[in-house]
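Overview (structure and organization)
Residues per chain, in single letters:
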Amino acid sequence: MVSSTSMNAQEAARDATVKKSNGGAERPLTKSESGIKPPSLFTAGLGGSGHMVPPQFESFVSIVSSPTMFSGYENGRQPSAADSDVSSNGDEDPNQRSYCTDSSQPFSPKLKPNTSAATSPCVTWRALSKADSNPAEAAKLWKEGMDLYNDGFYSRATVFFTRCIALQPLAEYLSSRSMAWLKAGNTINALKDAMQAVERSKGMIQRFLSGVKREENALFLEYYYRRGMCFAQQGGSMGSQLALSDFKVAATQSLKLGHWRGSDPTGWSRRKKEIVEQYEEEVQQIEEQRADAKASDPENYDSDDYETPDIERALKNARLMMVLDEITTHKESAAEGMVDGADEFKFDDFCWLSLPINHVTSSILLPSELDPHVLGRIFKEMEHGNLLHRNDFLGLIHRARKQYLSTPNLQTIRFAGAGKAAAKVSVVGDIHGQFHDLICILDQIGFPSPEHHIIFNGDFVDRGGYGVECVTVLLLLKVTFPATFHLTRGNHEDHPVNEQYHFLSEVLLKYGSCDVYHAVQSVFQLLPLGFVIQDKVMVVHGGIPSNPSTTIADIQKLDRRRYVPDSGVMCDLLWSDPVEENGVKPSTRGRGHLFGPDVTEKFLQTNGLLYVIRSHDVTNCVDEGYAFEQGGKVLTVFSAPNYCGSYGNRAAVAHVRIASAKMEPTFSTFGSVEPPSTFLGSHAPHPYHFNFSI
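So, here is what we can say about the structure in this document. Bear in mind that the values here come from a model prediction, so they are computed numbers and not experimental data. (Residues numbered from 1 in each chain as written. Predicted model: local features only at pLDDT ≥ 70, side-chain atom pairs only at ≥ 80, totals over all residues. Heavy atoms only, no water.)

**Quick word on the overall build of the chain**
Counting its secondary structure elements, the chain contains 20 helices and 14 strands. The proportion of buried residues among the 694 residues of the chain is 55%. Within the chain, residue pairs in contact and separated by at least 24 positions form 75% of the contacts whose partners lie at least 6 positions apart. (Helix = DSSP H or I, 4+ residues; strand = E, 2+ residues; numbered from the N terminus. Buried < 20%, exposed > 50% of the residue type's maximum accessible area, 1.4 Å probe, protein only. Contact = heavy atoms within 4.5 Å.)

Put into structure tokens, the structure is as follows:
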């Protein structure tokens with residue numbers, strides 16, 4: 001048996017080696033360092049056709065991914081048969097994964113059309129079989145992890161927490177691991193675990209808000225508090241803002257409740273001892289006063305005059321006050337970050353390759369060159385629930401941003417010469433995070449070409465659970481086909497809307513970084529506001545300006561690199577809707593306007609246009625996925641079938657034929673599709689992450 005002294009010496013030596021290799025900062029142990037046999041690593045990028053790992057990522061091949069919130073298997077445990085068809089929220093077992101090594105197969109999703117209105121939901125965590133789930137062993141591992149955490153061995157504690165989570169992925173265990181990651185300096189994994197802890201508390205939050213056993217269901221407030229600490233460590237204006245929001249939830253709700261259900265605050269043992277000693281002294285004094293009163297005046301003696309203090313209430317109040325003091329300290333620190341942080345994200349000042357290389361959380365690495373064949377293989381990997389590596393995703397955004405820096409607000413698409421006869425422009429409406437429907441659309445309409453331009457007309461994210469995947473696919477297409485593939489900004493390509501409708505939560509759950517989310521917003525703000533096809537057909541997401549005298553030249557003068565304003569021309573282009581009554585009215589959406597046929601007719605005449613194609617609204621598109629309105633002057637195209645999993649609507653893509661004198665559109669229509677059985681994904685985040693009061 002090895003003595004504890006020897007064990008400590010070995011641990012200290014290993015810690016010193018780890019810190020030395022990481023510039024003196026503690027980092028999570030790799031599996032090889034922790035004594036766990038690492039899984040096999042792929043070293044050929046997308047494999048098969050000479051697409052090797054890009055030079056800047058060659059160091060990744062020698063590093064094993066750190067355990068993350070997606071860990072579906074205990075480290076070192078081989079997957080059982082029950083694991084083959086269940087979800088781990090995006091990460092399969094590395095030993096069982098295929099990395100697109102078959103380069104001979106063409107891109108063809110072959111998704112099965114769904115004849116029913118409802119789509120099959122995907123689970124957040126892989127389902128544990130009875131053989132896998134072991135609450136008793138999980139609790140034991142959690143306790144061992146907490147012992148290591150309390151002794152300051154944070155990286156080693158994450159290993160025990162990861163094994164614990166593999167047996168029983170409870171929010172409490174995830175929250176504990178997030179704190180261990182945070183102490184170890186791994187802010188990315190810390191935030192991902194903290195996000196998952198809040199995500200898995202949906203039922204508890206719902207019961208709390210409905211008033212059912214409020215104190216018993218208040219444990220989630222600690223998860224908000226801990227997530228706030230993770231946000232604060234991410235730094236910057238956004239991290240500080242989100243930290244303040246979480247601290248506010250934890251503090252105000254605990255104060256209303258009058259109790260703190262979470263773990264003990266720092267220094268509580270000493271404070272508790274002081275309160276108990278003070279209580280015992282007071283009890284002794286009261287007993288003496290009671291005895292004296294009873295002996296001196298037994299006839300007027302009343303025991304109620306000498307009530308013993310409630311020690312439980314005193315301890316509860318003192319514990320709550322200490323926690324609130326801690327939260328206040330963190331709030332002050334976060335508030336300083338709001339003052340010191342930049343108001344806008346400066347992508348050019350952000351070194352996207354500077355993220356720690358041990359923060360590997362996904363398997364897809366981009367080759368240096370992209371072509372349709374490579375894209376098809378990447379899309380197949382994404383169908384299996386894999387994401388781009390975080391650095392590759394940021395690099396992709398960087399490439400896309402450079403293309404949009406010089407793009408006008410309204411981009412013109414023109415065809416000339418011999419190719420004009422066969423030319424067409426396909427316009428795709430809202431997809432709202434419905435990734436598999438997006439793949440089905442691409443399977444139907446194909447990739448763009450010089451004679452076939454494609455416009456995705458805004459609202460790529462929110463509502464559905466796969467906004468990250470949709471943005472990834474669209475940006476990959478944009479950088480591969482820069483001249484023929486186009487994206488329009490919709491009202492959901494805007495931070496305030498993304499915060500409300502869960503894209504913010506989705507990005508943080510999948511990538512654990514405010515910088516990644518901010519980078520996505522930076523490209524959203526550069527997207528053009530619309531397109532003009534052959535100088536005759538205007539494509540915008542929402543509607544036309546409420547002032548019909550507005551010209552295309554006026555629109556070109558707008559500053560689009562901002563949040564969408566609450567009013568004005570830019571707001572109208574992204575938020576407004578057509579109606580059959582003449583005139584302009586306030587919109588029931590709270591932003592934009594309702595514009596009538598007379599407004600549309602004047603706007604078209606002013607700018608020499610035939611009609612307007614827009615998206616934004618499913619109401620009149622349920623049967624066919626598209627609808628002509630205002631006598632054919634406005635065409636609405638909606639491309640998210642069975643919207644939100646409940647509308648039962650069909651979807652459509654409009655094809656504008658350039659050779660036609662009036663440029664009449666034709667349509668492709670389709671229903672929703674089911675994800676393939678091999679897909680490992682997640683449902684949309686619950687609505688309480690950043691909208692606690694709803």
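**Section: the nonpolar core**
With 115 residues, the main nonpolar core has Ile378, Phe379 and Phe456 as its most contacted residues. Looking at this core element by element, the count peaks at 9 residues for helix α14 (residues 467-480). (Core = buried A, V, L, I, M, F, W, Y, C linked by side-chain atoms within 4.5 Å.)

**Here we look at the environment of Ala190**
Following the sequence through the fold, Ala190 ends up in helix α5 (residues 187-199). A sequence separation of 39 residues divides Ala190 from Met229, and the C-alpha atoms of the two residues are 9.5 Å apart.

**Focus: the layout of surface pockets**
There is about 1000 Å³ of room inside the largest pocket. Looking at the largest pocket, it is lined by 37 residues, and the ones nearest its centre are Tyr149, Met179, Arg226, Met229 and Ser263. Elements represented by at least two residues in the lining of the largest pocket include exactly α2 (135-150), α4 (171-183), α7 (220-234), α8 (236-257), α9 (268-296) and α10 (311-340). If you tally residues by element for the lining of the largest pocket, the top one is α7, at 7 residues. Across the lining of the largest pocket, the residue classes tally to 16 nonpolar, 15 polar and 6 charged. (1 Å grid on protein atoms, 1.4 Å probe; cavity = no way out; pocket = protein on both sides within 12 Å on 5 of 7 lines; lining within 4 Å. Points joined across faces, edges and corners; volume = space filled by probe spheres on them. Nonpolar A, V, L, I, M, F, W, Y, C, P; charged D, E, K, R; others polar.)

**Some words on unusual backbone geometry**
As a rule of thumb, non-glycine residues mostly have phi less than zero, and peptide bonds are mostly trans rather than cis. Residues other than glycine seldom take positive phi values, yet Asp462 does so here, at roughly 75°. Mapped onto the secondary structure, Asp462 falls in the loop between β3 (452-456) and α14. Residue Asp462 is classed as buried on the basis of its relative accessible area of 1%.

**Describing the pattern of salt bridges**
Under the definition given, this model contains 15 salt bridges. Here Arg591 and Asp566 are joined by a salt bridge, their closest N and O atoms 3.4 Å apart. A residue pair is termed long-range when its members are at least 10 positions apart, and Arg591 in the loop between β8 (584-586) and β9 (593-595) and Asp566 in the loop between α18 (552-556) and α19 (569-575) qualify at 25 residues. Arg591 sits in the buried class, given a relative accessible area of 14%. When salt bridges with common partners are traced through the structure, they connect Arg270, Arg271 and Glu274 into a single cluster. (Salt bridge = Lys/Arg side-chain N within 4 Å of Asp/Glu carboxyl O.)

**A look at the environment of Cys514**
Turning to its location among the elements, Cys514 is positioned in helix α17 (residues 514-524). Owing to a relative accessible area of 5%, Cys514 belongs among the buried residues under this scheme. Sequence separation between Cys514 and Met238 is 276 residues, and the spatial gap between their C-alpha atoms is 6.9 Å. Filtering out sequence-adjacent residues up to four positions away, Cys514 remains in contact with Phe231, Gln234, Met238, Gly239, Leu242 and Leu508.

**Side note on the sheet that holds β9**
Ordered by their spatial adjacency, 3 strands build an open sheet running β7-β9-β8, and the pairing between neighbours is mixed. Each end of this open sheet is capped by a strand with a single partner; those strands are β7 (577-578) and β8. With 2 bridges connecting them, β7 and β9 associate as parallel partners. Its bridge partner lying in β9, Asp577 is registered against Leu594. (Pairing = 2+ DSSP bridges.)

**A short note on helix α13 (residues 435-445)**
Among the 11 residues of α13, 9 are classified as buried, and the element is accordingly described as predominantly covered. Among the residues making up α13, those that are buried are Phe435, His436, Asp437, Leu438, Ile439, Cys440, Ile441, Leu442 and Ile445. Tucked into the core, α13 has its buried residues touching α11 (372-383), β2 (424-428), β3, α14, β13 (651-657) and β14 (665-670). Two residues or fewer after α13 comes Gly446, characterised by a positive phi angle close to 80°.

**Remarks on the sheet that holds strand β6 (residues 537-540)**
One open sheet holds the 6 strands; their spatial order is β1-β5-β6-β10-β12-β11, and the pairing between them is mixed. Sheet topology places β1 (410-413) and β11 (626-629) at the edges, where each strand pairs with a single neighbour. Adjacent strand axes in the sheet meet at a mean angle of 20° when their direction is disregarded. Strand direction decides the pairing type here: strand β5 (residues 530-533) and β6, joined by 4 bridges, are antiparallel. Bridge pairing in β6 places Phe531 opposite Val539. (Axes fitted to C-alpha atoms, helices over the stretch in contact; angles between N-to-C directions.)

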